[in-house]
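Structural overview
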Amino acid sequence: MTTENQTPELTDGFHLVIDALKANDINTIFGLVGIPITDLCRLAQAEGMRFIGFRHEQHAGNAAAIAGFMTQKPGICLTVSAPGFLNGLTALANATVNCFPMILISGSSEREIVDLAQGDYEEMDQLNAAKPYAKAAYRINKAEDIGIGIARAIRTAVSGRPGGVYLDLPAQLLSQSISAAEGKKSIVRVVDPVPRQIPANDAIERALNVLKNAKRPLILLGKGAAYAQADSEIRALVEKSGIPYLPMSMAKGLLPDNHPQSASAARSFVLAEADVVLLIGARLNWLLAHGKGKTWGKEPKKFIQIDISPTEVDSNVPIEAPVIGDIGSCVSALVSGIASVSKPSPEWLGAIADKKEKNMSKMAETLAKNPSPMNFHSALRTIRDVLKTRPDVNLVNEGANTLDFCRAIVDMYQPRKRFDSGTWGIMGIGMGYSIGAAVTSGLPVVAVEGDSAFGFSGMEIETICRYKLPVTVVVFNNNGVYRGTDVNPTGGSDVAPTVFVKNARYDKMMEAFGGVGYNVTTPQELEVALTEAIAAGKPALINAVIDETAGTESGRLTNLNPSTAAKK
Ligand code: ADP
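Criteria and cut-off values
Residues numbered from 1 in each chain as written. Predicted model: local features only at pLDDT ≥ 70, side-chain atom pairs only at ≥ 80, totals over all residues. Heavy atoms only, no water. Domains from an automatic or database assignment. Contact = heavy atoms within 4.5 Å. Buried area = accessible area lost by both parts, 1.4 Å probe. Salt bridge = Lys/Arg side-chain N within 4 Å of Asp/Glu carboxyl O. Polar contact = N/O pair within 3.5 Å; in protein donor to acceptor, adjacent residues only side chain to side chain. Nonpolar A, V, L, I, M, F, W, Y, C, P; charged D, E, K, R; others polar. Near = heavy atom within 4 Å. Areas by Shrake-Rupley, 256 points an atom, 1.4 Å probe, with all protein chains shown as cover. Helix = DSSP H or I, 4+ residues; strand = E, 2+ residues; numbered from the N terminus. Patch = residues over 30% accessible without salt bridge, like charges linked within 9 Å, V, L, I, M, F, W, Y side chains within 5 Å. 1 Å grid on protein atoms, 1.4 Å probe; cavity = no way out; pocket = protein on both sides within 12 Å on 5 of 7 lines; lining within 4 Å. Points joined across faces, edges and corners; volume = space filled by probe spheres on them. Core = buried A, V, L, I, M, F, W, Y, C linked by side-chain atoms within 4.5 Å. Buried < 20%, exposed > 50% of the residue type's maximum accessible area, 1.4 Å probe, protein only. Pairing = 2+ DSSP bridges. Axes fitted to C-alpha atoms, helices over the stretch in contact; angles between N-to-C directions. Phe/Tyr/Trp six-rings, centres within 6.5 Å; stacked < 30°, edge-to-face > 60°.

Considering the domain arrangement of the chain
Domain boundaries assigned for the chain yield domain 1 (11-186), domain 2 (201-351) and domain 3 (369-567). For domain 2 versus domain 3, the distance between C-alpha centres works out to 31 Å. Counting residues at the interface gives 17 residues for domain 2 and 17 residues for domain 3. Between domain 2 and domain 3 lies a buried interface of about 1400 Å² when both sides are counted; carbon and sulfur atoms form 55% of it. Its largest share of buried area at the contact with domain 3, domain 2 owes to M250, K252 and W286, together 41% of the area lost on that side. Counting across the interface, domain 2 meets domain 3 through one salt bridge. Between R416 and D231 there is a salt bridge, and its shortest N-O distance comes to 2.7 Å. Our count for the domain 2 to domain 3 interface comes out at 10 residue pairs in polar contact (both at pLDDT 80 or more). Residues of the side of domain 2 that touches domain 3, tallied by class, amount to seven nonpolar, five polar and five charged.

What follows is the structure, encoded as structure tokens:
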């Protein structure tokens, strides 16, 4: 495809952007067309890239972010200026917070007018708006800088601690032309974008010494460990050391959840009782109670922390043995010395095994019940059993209770297959992550969604249908946020703030766009629908009717909700 300013002798900004991305093996763009980027999107498709068009930029950005997490290559999100950019910025900020590499590329208005605040179409100083929420923000002003600008964005997104990069492309840049020969020379293929970072020998020695003196060691795997694609090194460390491990939610499946050393079923026990904790790609943030307090028991812990980012160390509590480097190199170095560390004591392993057994049989009892209507447990038992037969399926999960229970009940067997609310604990990632995961892997996706969570990105089921993606959405419909039974205390005609339309049929939304809809009220119906939908590999939505009284306020986050925390 040629653009107005492109001739055999000349090339232009449009072509140079596409050439620069393709030169770095970036073949997919997630975005939403509009001024000034519509032609860029057309050209991307004409030049053999895949362009996946969304209904809202936030979801395009989330798709790009999860593609980045899955592949270690930055996912690309392309948006229009001002509002489109701001919609994408939510996803860019989320990607940065989660350490996912992505690049948000937005068209922008004329610099001269924006800088003098003269009131341009969609006028906004996007570069400065992006800066606080991204790992870096750059603007390219000259066509001959497109090659180096895109190389810089790629390297920044993936090297060191990965994150989101904003790239500002003023409208006039895209139509600038330069000689084709000069243009060709300006394209940069990034050499070794994710260089290994080898840990220092003394740091490894210190870490091994702390492990040698441990009585009750524990390994904690975070989503950084999943991202690092060091699966065999991590497995070797866990199995050669014999140390029990806990996966954070997006590290589930890095080792299969039924691995004998998994301490997931004794999570509270091991966090409280361990004396040495080896963190691999997991931050001691709110998801780990900041490494202190009741969760972590009475005795102070000794932490060993493997991370690529040195400033993560001592962020919440002192770290006895920091190991700075890439996870693959750090874990390999530990494996080389692990024979000198004696295996954990039978007392420690026995205590964990006892606790696991007790908790698992209690959970099995709860899961075996078949209340009518279904509750979270009976529905998730069914999903667990179906997904056990399809370990290749990607699982997206968000909601409050739907997230908490699904994380605990549904096992994962392969790495980088579970994508959820992440570091912010947010809702709204559902359909974006589903589309990103389906496009990136070519494998089925099952999205287990609270009805409230689904609402944030529900319109993207049109996108799922348009691209005929193998996505099955399961909406846990209990008529409201948390549950559907709250009442308006004034007796007025407005429903309570947490309540939705009763008995809504989300399955009909999927049917509206040509997908398959199911309405299920029992575990048996859910099993049939889910099995059929995954096998068909076509867009489907299962409206799973759940008891509207089921569900607790704020799910597991009652301690963060000022009113419920006060009642505790
Ligand atoms: P979780 O939420 O699962 O606990 P976090 O997102 O808090 O995980 O932590 C991920 C950590 O992994 C971040 O501190 C990040 O710097 C680190 N990280 C990401 N990629 C790598 C890598 N390749 N090597 C080392 N550390 C990494």
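Digging into the site of the ligand
The local shell around the ligand holds 20 residues, among which R161, K223, R283, D307 and I327 are the closest. In this structure, R161 approaches the ligand through a side-chain N or O atom, which is 2.8 Å from an oxygen atom. Here an oxygen atom of the ligand and a side-chain polar atom of D307 are 2.5 Å apart. Bound to the protein, the ligand loses 96% of the 590 Å² it would expose on its own. The element that contributes the greatest number of residues to the shell around the ligand is helix α11 (residues 223-227), accounting for three residues. Residue-level mapping places the shell around the ligand at the junction of two domains, with at least three residues from each of domain 1 (11-186) and domain 2 (201-351).

What to know about the pattern of salt bridges
Think of it this way: side chains of opposite charge can pair up when their charged atoms draw near. Per the stated rule, a full pass over the model turns up 19 salt bridges. Note that R189 is salt-bridged to D25, the shortest N-O span being 3.1 Å. Taken as a pair, R189 in the loop between α9 (180-186) and α10 (201-212) and D25 in the loop between α1 (13-23) and β2 (28-31) lie far apart in primary sequence, 164 residues in all. The partner of R139 in a salt bridge is D168, and the shortest N-O contact between them spans 3.0 Å. Of the two residues, R139 sits in strand β6 (residues 136-139) while D168 sits in strand β7 (residues 164-170), which places them 29 residues apart along the sequence.

Topic: a nonpolar patch on the surface
A cluster of nonpolar side chains, W286, L287, L557 and L560, forms an exposed patch at the surface whose accessible area comes to about 320 Å². Assignment of secondary structure puts L560 in the loop between β19 (540-545) and α23 (562-567).

As for empty space enclosed by the protein
Following the criterion strictly, the structure yields two cavities of 30 Å³ or more and no others. Looking at the largest cavity, its volume works out to about 110 Å³. Only α17 (401-409) and α19 (451-457) provide two or more residues apiece to the lining of the largest cavity. Broken down by element, the residue count for the lining of the largest cavity peaks at three residues, all from α19. Reported here for the second largest cavity is a volume of approximately 60 Å³. Taken together, the residues of the lining of the second largest cavity break down into six nonpolar, no polar and two charged.

Considerations on the nonpolar core
Taken as a class, soluble globular proteins show a tendency for nonpolar side chains to be buried jointly. With 85 residues, the main nonpolar core has L221 and I280 as its most contacted residues. Here the element with the most residues in this core is helix α3 (residues 57-71); it accounts for eight residues. Residues in contact with L221, not counting those within four places in the same chain, are I234, Y245, L246, P247, M248, A251, L254, L255, I280 and A282. I103, V165, L169 and L173 belong to the second-largest nonpolar core, a separate cluster that totals 37 residues.

Focus on the sheet that holds strand β11 (residues 276-280)
If you trace the five strands from one edge of the open sheet to the other, you get β10-β9-β11-β12-β13, paired in parallel fashion. The sheet terminates laterally at β10 (245-247) and β13 (321-324), the two strands that pair on one side only. Averaged over all pairs of adjacent strands, the angle between strand axes in this sheet comes to 15°, irrespective of strand direction. Judged from the three bridges that link them, strand β9 (residues 217-221) and β10 form a sheet pairing that is parallel. Residue pairing for β10: L220 is matched across the bridge by L246. With respect to the sheet, α10 is in contact with β11, β12 (302-307) and β13, its orientation differing from that of β13 by roughly 140°.

Some thoughts on the packing of aromatic side chains
All chains considered together, the criterion is met by 10 aromatic pairs. Arranged with centres 5.3 Å apart and planes meeting at 75°, the rings of W296 and F303 form a pair that is edge-to-face. For the pair W296 and F303, a shared accessibility class is recorded, and that class is buried. Ring plane angle 40° and centroid distance 5.6 Å describe the contact between F376 and F405, whose orientation is recorded as tilted. Pair noted here: F376 is in helix α16 (residues 376-388) and F405 is in helix α17, with a separation of 29 residues, a long-range link. The pair F376 / F405 is uniform in exposure class, with both members buried.

Concerning unusual backbone geometry
The step from I35 to P36 runs through a cis peptide bond, and the omega angle for that step is 5°. Position of P36 relative to the elements: it lies in the loop between β2 and α2 (38-46). The step from S372 to P373 runs through a cis peptide bond, and the omega angle for that step is -5°. Following the sequence through the fold, P373 ends up in the loop between α15 (346-368) and α16. If you check the backbone angles, H290 has positive phi at about 55° while not being a glycine.

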